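# Architecture and fold: a report
Chain by chain, the residues:
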Amino acid sequence: MKLKLLTILFAAASLTAFTSCSDDDDDDVKVPASGVPTEVVQSFKAKYPSIDVSKVKWETKGNYTVAEFSEAANQEELEAWFTTKTGEWAMTETDFGEDLFLVPAELNAKYYQTEYSSWNIDDMKLYSYPDSTKDRYVFEVNKTGQQDMELYFTADTYDLVKAIVDTDRVITPDTAL
């Protein structure tokens, strides 16, 4: 009887744990291609003319319509953010994962000149904006016994401009980097 009760309790606890974990933000709403505003599709096609729009996954996140896609098979993943009302391109997030060979060699070299060079890289992203002076590479790094960190590098000179504790915040076009 005790074994049966323990099994039921374990199953219930497992079910609760699995249903409470999710990568999806509650504010993110998947949108069928037919529901994407025409202005957004036109801006997307102008910005990424080589991408087949029918292979793009669309979502709305707050005031933005976001296109998720890859430019080539097994390459970095991109999210292009467009204002939903006007279709204006606001930001692109390029996710390089952990592969330092996907980022410029000069950035790789600058990373190895930082005090975090011995840390493990969890993720690397490039945030691109209409005003390219705001573009930033963001490395998420960790080391046993240390707080996870986010390292912000300029996209033109690859200089480390700040290192902050990683808070797992979602970066949007409105986030100050």
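The structure this text deals with has already been given above.
In this report, the structure presented in the accompanying data block is examined. (Residues numbered from 1 in each chain as written. Predicted model: local features only at pLDDT ≥ 70, side-chain atom pairs only at ≥ 80, totals over all residues. Heavy atoms only, no water.)

### Quick word on the overall build of the protein chain
Along the backbone of the protein chain there are three helices and nine strands. Counting from the amino terminus, the protein chain carries its helices and strands in the arrangement α-β-α-β-β-β-β-α-β-β-β-β. Going through the 177 residues of the protein chain one by one, you find that 38% of them count as buried. Long-range contacts, defined as pairs at least 24 residues apart, comprise 41% of the intrachain contacts of the protein chain with a sequence gap of at least 6. Carbon and sulfur atoms form 52% of the exposed surface of the protein chain, whose accessible area is close to 11100 Å². (Helix = DSSP H or I, 4+ residues; strand = E, 2+ residues; numbered from the N terminus. Buried < 20%, exposed > 50% of the residue type's maximum accessible area, 1.4 Å probe, protein only. Contact = heavy atoms within 4.5 Å. Areas by Shrake-Rupley, 256 points an atom, 1.4 Å probe, with all protein chains shown as cover.)

### What to know about the nonpolar core
Within the largest apolar cluster, 17 residues are counted, with the highest numbers of intra-cluster contacts made by Tyr111, Tyr137, Phe139, Val141 and Leu151. Secondary-structure elements contributing two or more residues to this core are α3 (105-111), β6 (120-128), β7 (136-142) and β8 (149-154). With residues up to four places along the chain from it excluded, the contact list for Val141 reads Tyr111, Tyr116, Trp119, Asn120, Ile121, Asp122, Asp148, Met149 and Leu151. Within the second largest apolar cluster, 16 residues are counted, among which are Val53, Ala67, Leu78 and Trp89. (Core = buried A, V, L, I, M, F, W, Y, C linked by side-chain atoms within 4.5 Å.)

### As for helix α2 (residues 38-47)
Among the residues making up α2, those that are buried are Val40, Val41 and Phe44. Burial along α2 is one-sided: seen end-on, the buried residues are contained in an arc of 100°. What points out from α2, more than 90 degrees from its buried face, is the exposed set Thr38, Gln42 and Ala46. Looking at the packing, one finds that the buried side of α2 touches β2 (57-61), β3 (64-70) and β4 (77-83). (Arc of directions from axis to C-beta.)

### Topic: a negative patch on the surface
A cluster of acidic residues, Glu98, Asp99, Asp122, Asp148 and Asp168, forms a negative patch on the protein surface. With respect to the helices and strands, Asp148 occurs in the loop between β7 and β8. For Asp148, a relative accessible area of 33% corresponds to the partly exposed category. (Patch = residues over 30% accessible without salt bridge, like charges linked within 9 Å, V, L, I, M, F, W, Y side chains within 5 Å. Salt bridge = Lys/Arg side-chain N within 4 Å of Asp/Glu carboxyl O. Lys, Arg positive; Asp, Glu negative; His and termini not counted. Charge placed at Lys NZ, Arg CZ, Asp CG, Glu CD.)

### A closer look at the environment of Tyr64
Among the structural elements, Tyr64 can be located in strand β3. Between the C-alpha atoms of Tyr64 and Phe82, which are 18 residues apart in sequence, the distance is 5.4 Å. Once you skip the residues sitting within four places of it in the chain, Tyr64 turns out to touch Glu59, Trp81, Phe82, Thr83, Thr84, Ala90, Pro173 and Asp174.

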